[in-house]
Amino acid sequence: MGKANDVDYADLHDPNAEYTMRELSAETMGVTAKRGGGRDVEITDVQTTMVDGNFPWTLVRIYTDAGIVGTGEAYWGAGVPELIERMKPFVVGENPLDIDRLYEHLIQKMSGEGSVEGVTVTAIAGIEVALHDLAGKILEVPAYQLLGGKYRDEMRVYCDCHTEEEADADACAEEARRVVDELGYDALKFDLDVPSGLEKDRANRHLRPGEIRHKAEIVEKVTEEVKDEADVAFDCHWTFSGSSGKRLAEAIEEYDVWWLEDPVPPENLEVQEEVTKSTTTPITVGENRYRVTEERRLIENQAVDMIAPDMPKVGGMRETRKVADVANQYYIPVAMHNVSSPIATMASAHVGAAVPNSLAVEYHSYELGWWEDLVEETVIEDGYIEIPEEPGLGLTLDLDAVEEHVVEGDTVFDEA
């Protein structure tokens, strides 16, 4: 039996954070001018709560001396709450309206703990999303306004679909029909990295001819079932070799595929580029790259036909906006990966509303009956998210629902 964890992560010693030539705190930068219109606000606390959904969502709440709070969400995963607690001293006392400076401040302060990529970026993103909600409430504007205004009043949602017989082409087609007819979605995604029964070795990433035919049959049955009623994408979860990825993409070129997602592992950009340029099947990648610096390489090498950043994973709302801006220079659409609770889902929708090249935001929880219970508002209706005009993200967290589904051993953060 493990010992109880009573470590104070906010008080951990890190010489990199304690001494940096690029110190961006308000005190060091001399950002001391008085601000009118109720904008002299200070952060007083940062708290987290993990919700046990189909992923362990980490919700973030930032408190201020004005009594206004902002709620955000980091990408799910172990260690995120501890990292956010670690960063609390770097933002307490700061003005939450300085979102960009605070983001760069945290990136610099956490450089010794891995803020180039990975879970540290994810934790910073959770704070950044909460800052957008908080700043919007202070300024009394919706979050999309902080990102430059909007191109659309509602954001299209694509539904990540599953069935108990996920390797059966007919079962997938039946589920596609149900999701279109009963749930009202006109954009879907199905998994292709499903067992065909023909595998010989799961480690070598190679697809045998029969496996290719099996996956092509799923694509054929699903796309033929819904035809022009819905766009359909297919996800491979970084499973296959370069040669197998190319063969699979070629085998489904004749079908109406919206995109083929992550056919090869994310680490080798050259292989990804080769696969993308070998086929007319649209290829989408991006959820396993961090910040605009990494996503930029995919875009500039034209190794993607569509880019798929995960907003609370890639670095937050402004960072996703930066990715979209680079993609727009190459005429590449943005299809945001998303496996979040309603909080980050709505934050992604605000980003999508604010960029011209946005296609859709993913919804990964249609089988979870209580997903929308976490907030008081309706989030998705008939396959679309209406962008709220209320300040911030425009959502009100239901703390009773959060408490009902909190991860065992965790506690719910304080009320506003």
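Quick notes on the rules
- Residues numbered from 1 in each chain as written.
- Predicted model: local features only at pLDDT ≥ 70, side-chain atom pairs only at ≥ 80, totals over all residues.
- Heavy atoms only, no water.
- Patch = residues over 30% accessible without salt bridge, like charges linked within 9 Å, V, L, I, M, F, W, Y side chains within 5 Å.
- Areas by Shrake-Rupley, 256 points an atom, 1.4 Å probe, with all protein chains shown as cover.
- Salt bridge = Lys/Arg side-chain N within 4 Å of Asp/Glu carboxyl O.
- Lys, Arg positive; Asp, Glu negative; His and termini not counted.
- Charge placed at Lys NZ, Arg CZ, Asp CG, Glu CD.
- Helix = DSSP H or I, 4+ residues; strand = E, 2+ residues; numbered from the N terminus.
- Expected span 1.5 Å × (residues − 1).
- Buried < 20%, exposed > 50% of the residue type's maximum accessible area, 1.4 Å probe, protein only.
- Contact = heavy atoms within 4.5 Å.
- Polar contact = N/O pair within 3.5 Å; in protein donor to acceptor, adjacent residues only side chain to side chain.
- Arc of directions from axis to C-beta.
- Phe/Tyr/Trp six-rings, centres within 6.5 Å; stacked < 30°, edge-to-face > 60°.
- Pairing = 2+ DSSP bridges.
- Axes fitted to C-alpha atoms, helices over the stretch in contact; angles between N-to-C directions.

S.K.: How would you summarise a negative patch on the surface if you had to cite specific residues and measurements?
M.R.: Together, Asp373, Asp400, Glu403, Glu404, Asp414 and Glu415 give the surface a local cluster of negative charge. Position of aspartate 414 relative to the elements: it lies in the segment after α15 (399-404).

S.K.: Give a description of helix α7 (residues 169-183) that names residues and reports values.
M.R.: Spanning 15 residues, α7 covers 20 Å between terminal C-alpha atoms, matching the ideal 21 Å at 1.5 Å per step. Burial in α7 covers these residues: Ala169, Ala171, Cys172, Ala173, Glu175, Ala176, Arg177, Val179 and Val180. Structurally, α7 contributes buried residues whose contacts are with β4 (154-160), β5 (187-191) and α8 (209-226). Capping of α7 at its N-terminal end is provided by aspartate 168; its side-chain oxygen lies 3.1 Å from the backbone amide nitrogen of aspartate 170.

S.K.: Mind laying out helix α11 (residues 291-300), listing which residues take part and the relevant values?
M.R.: Regarding α11, the residues found buried are Arg291, Val292, Glu294, Glu295, Leu298 and Ile299. Viewed end-on, α11 has its buried residues packed into an arc of 165°, placing them on one side of the element. Looking one or two residues beyond α11, the residue adopting positive phi is glutamine 302, at roughly 50°.

S.K.: Provide a residue-level description of the pattern of salt bridges, including the pertinent values.
M.R.: Inspection of every chain in the model, using the stated rule, returns 32 salt bridges. Lysine 189 is the partner of aspartate 160 in a salt bridge, and the nearest nitrogen-oxygen pair spans 3.9 Å. With aspartate 160 in strand β4 and lysine 189 in strand β5, the pair connects residues that are 29 residues apart, well separated along the chain. A relative accessible area of 1% means that aspartate 160 is categorised as buried. A relative accessible area of 0% places lysine 189 in the buried class.

S.K.: Just give me the short version of the packing of aromatic side chains, but keep the residues and values in it.
M.R.: What the rule picks out here adds up to eight aromatic pairs. Ring plane angle 90° and centroid distance 5.1 Å describe the contact between tyrosine 158 and tryptophan 259, whose orientation is recorded as edge-to-face. In this pair, tyrosine 158 is assigned in strand β4 and tryptophan 259 in strand β7 (residues 259-261), connecting sequence segments 101 residues apart. Relative accessible area serves as the criterion here: at 0%, tyrosine 158 is assigned to the buried category. Under the relative-accessibility criterion, tryptophan 259 is labelled buried at 0%. For the pair tyrosine 185 and tyrosine 363, a centre-to-centre distance of 6.3 Å together with 20° between the ring planes defines the contact as stacked. Placement of tyrosine 185 in the loop between α7 and β5 and of tyrosine 363 in strand β11 (residues 358-363) is noted, with a sequence separation of 178 residues between them. Among the aromatic residues, those joined into a ring-pair cluster are Phe55, Tyr75 and Trp76.

S.K.: Tell me about the sheet that holds strand β2 (residues 56-64), and name the residues and values.
M.R.: Sheet strands line up and pair through hydrogen bonds in the backbone, either parallel or antiparallel. Across the sheet, three strands lie side by side as β1-β2-β3; this open sheet has antiparallel pairing. Taken across any chain shown, the strands that pair with only one partner, and hence form the sheet edges, are β1 (43-52) and β3 (69-74). Direction aside, neighbouring strands of the sheet carry axes that sit 20° apart on average. Bridge analysis of β1 against β2 gives nine bridges, and the strand direction is antiparallel. Paired with threonine 49 across the strands is leucine 59, a residue of β2. Of the strands in this sheet, β1, β2 and β3 touch helix α3 (residues 80-91), which is tilted by about 170° from β1.

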